[in-house]
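Spelled out from the first residue to the last, the chains are:
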Amino acid sequence: VQTKGIKKTLTIGGLYATGPRTTFQNASGIIQTVDKALEFINQQSQILSAYKLLVEWRDTKCELGHGVQAFFQHVNNPPTKIMLLGGICSAATAPIAECSQLLNLIQVSYGASSFYLSDKKKYPLFFRTIPSEKSQGYSRLAVLRYFKWSRIAILAEKESYYEAASTSLEELVREHNITIVAKEVLNGDSEDEDQKSPIRTLQEKDARVIVGLFSEQVAVKVFCQAYKLGFYGGKYVWVLMGWYQPNWWEAHTAHTSKVHCKPSHIHKASGHYIITAFRKIGPLSPDIIVGKDVHSSWEKSVGELGLYSSFAYDAVLSIALALNRSAEILAYRNKTLDEFNYTNSELAQVLKESLSNVTFQGFTGRMRFNKHGEREGIIEVGQMQGNKIKILGNYTVLTEELVLMSAQFIWQGGKIPADQMRTVNQLLKISRSLFAFFCGAEVLGIIMAVAFLTFNIKKSQHRFIKMSSPRMNNVIVIGAILIYVSGILLGIDGNFVSPSTEVIVQCRFSTWIACIGFTLGFGGMFLKTWRVHKIFVNRTKKMVISDYQLFAMLALFIAIDLLVIVIREVIDPQRANQHFTGREEYDNSTDTKYVPYYIDCASSYRNEWLYVFYAYKGLMLAFGVFLAFETRNVTVPALNDSRYIGLSIYNVVFPCALGITVVSVIDNAPDVWYAVLSVLVVFCTSITLCFVFIPKISTVRADPLGQERPRFVSSLNHNPSASQAHPNQKDPFQSKAKTEAGPKHKTSSAPSDGQRANSSRL
Ligand SMILES: NCCCC(=O)O
C-alpha cells in the first residue's frame, strides 16, 4: 500500500492526565514512552510501511469533565483520529469510552483498570492493555486464602472505582466462605474526624486483615487515625492498592499536617502491608523488537518513565499491529485506512477484529485481549519492607495460580497475623483439690460403711441386732457404699478422661450406681419397716414376712430400676455434649480468647427421664414416709427405725431439693455443682447410715451379751384398742407364723418363744 515513499499520517488521539489524582504516573513519562514506541513503529518496514503514526495529546486531568472535554477536542479538531490511546484514569476514560464507540472510535487504554469498564455492552470498542480490577480481586482472594485469612474487613473510598472494586471483592470472597466482619466507606473529601469511625468500627469488630481500597490521599488520613487509635502493629495486616507512589506517606504533607500526624506515624501504622499490582515488566524482550539488551535497558528506563509506561508501550504496539492487519484486510476490499471517518462503522469493525486478534510478546508479557477486550495478565504480590515494596510472588489470572515466596514475608512479631483473636475452647474441669477433698470424704464414708457392715455381720447373733433385720441392714450398707462410689465417679471428668469416657463414667455409671444404691439403701430400710408395719398394723390378720419375701420385693425394685435404665439407654442414650457457657475470657498478652465449656450429659428426652426417676424414687420415699408415720408408735427400738427413717427422709429430701435447685441454676460452674452434689452424697448417705447404725452400736456396747430384754410396747394409730400395749398383753408376735430357729429367751416382759422367733427375723 506504499505510494512511492510518501507515507500517509494516521493520527491517534492520545489521552494522558496531569494533576493531583495521578500521583501514580507522571504524564511526561507516558508521552516519552509513546514517542519511543512511535519512533520504533515508524522505522519498521514490516509494520504500517505506508503510514506514519502520530499521537496528538489531550489532558483528561483524571476527571470526568476534563476527560469529556479532551474527547470533544479530539473529535472536533482535525485530523480525524483513527483510534484513541488512553486514558490512565477510569473516571475520565469511562465517559470517553461510552461516547467514542458512537463515533466508531476504538479506544485502547493503558491505565484505566476499573471494574465497570469491563461492561462490553456499554463500552463495545474499549480495549485495555492493563488488567482490570477484576484480576486484582482474584489475586487478593488468592492471597487471603494462601495465608488462611477467612475473616476480613473492607475499607473502600467513596468513589466509583473503589466502590466497584469493593462490591466485586465482597461477592468474590463470600463465594469462598470468607467472612466480611466490616465493610466501611470512606469519604475522601472529608476531614479528620470523619475517618475516625471506620477505624473504630474495625477495632470493635476485631478486624485484623483489612483490604484497603482507597487512594493514597485517603490512605494518609486512614493510617493517621489508625496510628492515633493504636490500630497497628503485629496483629494487623493491610492489603492495599499497588499503585501508590514510592514514599507516599511523605508526599502529602498538606494532608498529614491537617490531621496532625507525622509521615513516620503513617508509615508505621500501615506496617508491612501487602499489595497486589499489575505486572509492569514481563520476563522477556518484546518479540517484535529485535536487538540485544532491550529488556534490561527498558527495565532501567521504566524507573523514570513510570509504572504505566510498559502498558503504554504495549498499547502503541497493539494499535500499530491492529492497524497493520486492518490495512491488509482493507487492501483486499480496495480500501485504505485513511478512509476512516467517524461514521465508518465497517472500518471500525475491521479495526476491532484486528485488535482482538493481536498477539505478541510485549514489555508487560504476552499481549492478547480476551473476547471482552480485556487483558488477563499477571498480578504481582508484594509487601512493604523498610521503605520499599518488595515483590514476593505473582498470580496468573488465566491459570489461577499463585506463587509466593512466603518465607520472605516479614511479620512484626515473627508470625503471620491471625485473622482474629485465637479462640481456645476451654474445658471447665472440677478443681483437683475439690475432687481430692470429696473423694477423700467419700472413701471415708465407704470405710465407715464397711465398718458398720462388719459390725452388723459380727453381731448378727446379738439379740438386738438379730431383731433389727440384719440382712436388710447389710443391704442398706451396700446401698450406701454404692452411693459413695457414684459420688466418686461424679468427679471423674476431663481431668482424668476424655469427653467420650467422661460421659460413660459420669453420665451413665454414676447415675446407674446412684440409682441402684438409692433403691438398696432406702428400699432396704423401708421394706424392713414394712414388715414391722404388716405385723403391728392389723392385729386381726397377723402376717409375718420372711427375709426371702423382702429380698423378692427388693429384687422387684431393682428390676424396675434396671428396666428404666436399659430402656433409656436403648431408646435415648446419653451422649457427651459440649455446653458453652456464653462467657468469654481474654488474654491480651497471648491474643487469645478463651471460651469455657463443660461436658453435659445430653439426650433427647433428658428431662422426661429425670421425671421418671424422680417419680419412681419419690414414690419410694413417700412409701417410706407412710411407713414411718404408721409405725411411729412401735416403740421397740430394735424393731422400729421409723423415727430414723423419718429423719433420714427429711435429711435426703430437703437438702436434695435445695441442692438440685442450686445445681440447675449454677450450671456454668462445675466446681459448684460438683461440690453441692458431693455434699449431698456425703451428708445424706452418712447421716442415714449413722441413724441406722449408731443406735445399734451404742445398744450393743451397753449390752454386749444381749441379755437385756427388748421392750414390746406398741401403740398403733390404726388400732386404738391395741395402743399402749402392756408387755404382758397379747402382742402381735403371738401369731400363727411359722417359727424359725432362733435364740429362745424366757422373760416375763418379753414375747413368747414364738414371738421371739419371729422377732429375730425382723
Ligand atoms: N490504574 C490506576 C488508576 C485507577 C483508575 O482510575 O483506573
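Residues numbered from 1 in each chain as written. Predicted model: local features only at pLDDT ≥ 70, side-chain atom pairs only at ≥ 80, totals over all residues. Heavy atoms only, no water.

> Break down the state of the cysteines for me, citing the residues and quoting the values.
For the coordinates displayed, the defined rule picks out two disulfides. Bridging cysteine 62 to cysteine 89, the disulfide has an S-S length of 1.4 Å. Taken together, the positions of cysteine 62 in the loop between strand 2 (51-59) and helix 2 (64-76) and cysteine 89 in the loop between strand 3 (81-85) and helix 3 (90-100) put the pair 27 residues apart, joining distant regions of the chain. By relative accessible area, cysteine 62 is classed as buried at 4%. Residue cysteine 224 pairs covalently with cysteine 261 via a disulfide, S to S 1.9 Å. Here the disulfide of cysteine 224 and cysteine 261 is right-handed, its torsion about the S-S bond being about 85 degrees. Separated by 37 residues along the polypeptide, cysteine 224 in helix 7 (residues 216-228) and cysteine 261 in the loop between helix 8 (253-258) and helix 9 (263-270) bring together distant segments of the chain. The burial state of cysteine 224 is the same as that of cysteine 261; both residues are buried. (Disulfide = S-S within 2.5 Å. Helix = DSSP H or I, 4+ residues; strand = E, 2+ residues; numbered from the N terminus. Buried < 20%, exposed > 50% of the residue type's maximum accessible area, 1.4 Å probe, protein only.)

> Hey, could you go over the environment of valine 424 for me, with residue numbers and the actual values?
Along the polypeptide, valine 424 turns up in strand 16 (residues 422-427). With 160 residues separating them along the chain, valine 424 and glutamate 584 place their C-alpha atoms 9.9 Å apart. Setting aside anything within four residues of it in sequence, one finds valine 424 in contact with Thr592, Lys593, Tyr594 and Val595. (Contact = heavy atoms within 4.5 Å.)

> Help me get a handle on the site of the ligand, residues and values and all.
The local shell around the ligand consists of Phe24, Ile88, Cys89, Ser90, Gly111, Ala112, Ser113, Ser114, Tyr161, Trp243 and Tyr308. Here a nitrogen atom of the ligand and a backbone polar atom of glycine 111 are 2.9 Å apart. Alone, the ligand offers 240 Å² of accessible surface; in the complex the protein occludes 94% of this. Its residues placed into classes, the shell around the ligand shows seven nonpolar, four polar and no charged. (Near = heavy atom within 4 Å. Polar contact = N/O pair within 3.5 Å; in protein donor to acceptor, adjacent residues only side chain to side chain. Areas by Shrake-Rupley, 256 points an atom, 1.4 Å probe, with all protein chains shown as cover. Nonpolar A, V, L, I, M, F, W, Y, C, P; charged D, E, K, R; others polar.)

> Could you give me a rundown of the sheet that holds strand 14 (residues 388-396), with the residues and numbers involved?
Spatial strand order, 7-6-8-9-10-13-14-15: eight strands in an open sheet with mixed pairing. Two strands bound the open sheet, and with one partner strand each, they are strand 7 (179-186) and strand 15 (401-404). Taking the axes of each pair of neighbouring strands and ignoring which way they run, one obtains an average angle of 25 degrees across the sheet. Two strands pair when backbone bridges link them, and strand 14 and strand 15 are joined in this way by four bridges, in the antiparallel orientation. By the bridge assignment, threonine 396 is partnered in strand 15 with glutamate 401. Each of strand 6 (151-157), strand 7, strand 8 (209-213) and strand 9 (237-241) is contacted by helix 5 (residues 160-175), which is oriented at about 165 degrees to strand 6, the strand it contacts most. (Pairing = 2+ DSSP bridges. Axes fitted to C-alpha atoms, helices over the stretch in contact; angles between N-to-C directions.)

> Can you explain the nonpolar core? Please cite residues and give values.
Ranked by size, the top nonpolar core spans 139 residues in total, and within it Phe214, Trp238 and Leu337 carry the most contacts. Here this core takes 14 residues from helix 11 (residues 309-332), the largest share from any one element. Excluding residues within four positions of it along the chain, phenylalanine 214 makes contact with Leu155, Glu157, Tyr162, Leu186, Ala219, Val222, Phe223, Trp238, Leu240, Met241 and Tyr244. (Core = buried A, V, L, I, M, F, W, Y, C linked by side-chain atoms within 4.5 Å.)

> Could you give me a rundown of the sheet that holds strand 1 (residues 8-16), with the residues and numbers involved?
Pairing is parallel across the open sheet formed by five strands, whose spatial order is 2-1-3-4-5. The open sheet terminates on both sides in strands that have one partner only, identified here as strand 2 and strand 5 (126-128). Taking the axes of each pair of neighbouring strands and ignoring which way they run, one obtains an average angle of 25 degrees across the sheet. Relative to strand 2, strand 1 runs parallel, the two sharing nine bridges. Within strand 2, the position partnered with glycine 14 by the bridge is tryptophan 57. Of the strands in this sheet, strand 1, strand 2 and strand 3 touch helix 1 (residues 27-43), which is tilted by about 170 degrees from strand 2.

> Give me the lowdown on the packing of aromatic side chains, citing residues and values where you can.
Considering all chains together, one arrives at 39 aromatic pairs under this definition. Relative to phenylalanine 496, the ring of phenylalanine 435 lies with its centre 5.1 Å away and its plane at 50 degrees, an arrangement referred to as tilted. Note that phenylalanine 435 is positioned in helix 13 (residues 432-458) and phenylalanine 496 in the loop between helix 15 (470-490) and helix 16 (499-537), a separation of 61 residues in sequence. The partly exposed category is assigned to phenylalanine 496, whose relative accessible area is 40%. Chaining the aromatic ring pairs together yields one cluster made of Phe214, Phe223, Phe231, Tyr236, Trp238, Tyr244, Trp248, Trp249 and Tyr273. Directly above the ring of phenylalanine 496 sits arginine 432, whose terminal nitrogen or CZ lies 5.4 Å from the centroid. (Phe/Tyr/Trp six-rings, centres within 6.5 Å; stacked < 30°, edge-to-face > 60°. Lys NZ or Arg CZ within 6 Å of the ring centre and 35° of its normal.)

> For helix 5, give the residues involved together with the corresponding values.
With 16 residues, helix 5 extends 23 Å from end C-alpha to end C-alpha; this agrees with the ideal 22 Å at 1.5 Å per step. Residues Tyr161, Tyr162, Ala164, Ala165, Ser166, Ser168, Leu169, Glu170, Leu172 and Val173 constitute the buried set of helix 5. N-cap assignment for helix 5: the residue whose side-chain oxygen lies 3.1 Å from the backbone N of tyrosine 161 is glutamate 159. (Expected span 1.5 Å × (residues − 1).)

> Break down the side chain of serine 326 for me, with residues and values.
With respect to the element layout, serine 326 can be found in helix 11. Engagement of the side chain of serine 326 in a polar contact is seen with the backbone oxygen of alanine 322, the distance being 2.7 Å. Excluding residues within four positions of it along the chain, serine 326 makes contact with Leu337, Val350, Leu351 and Ser354.

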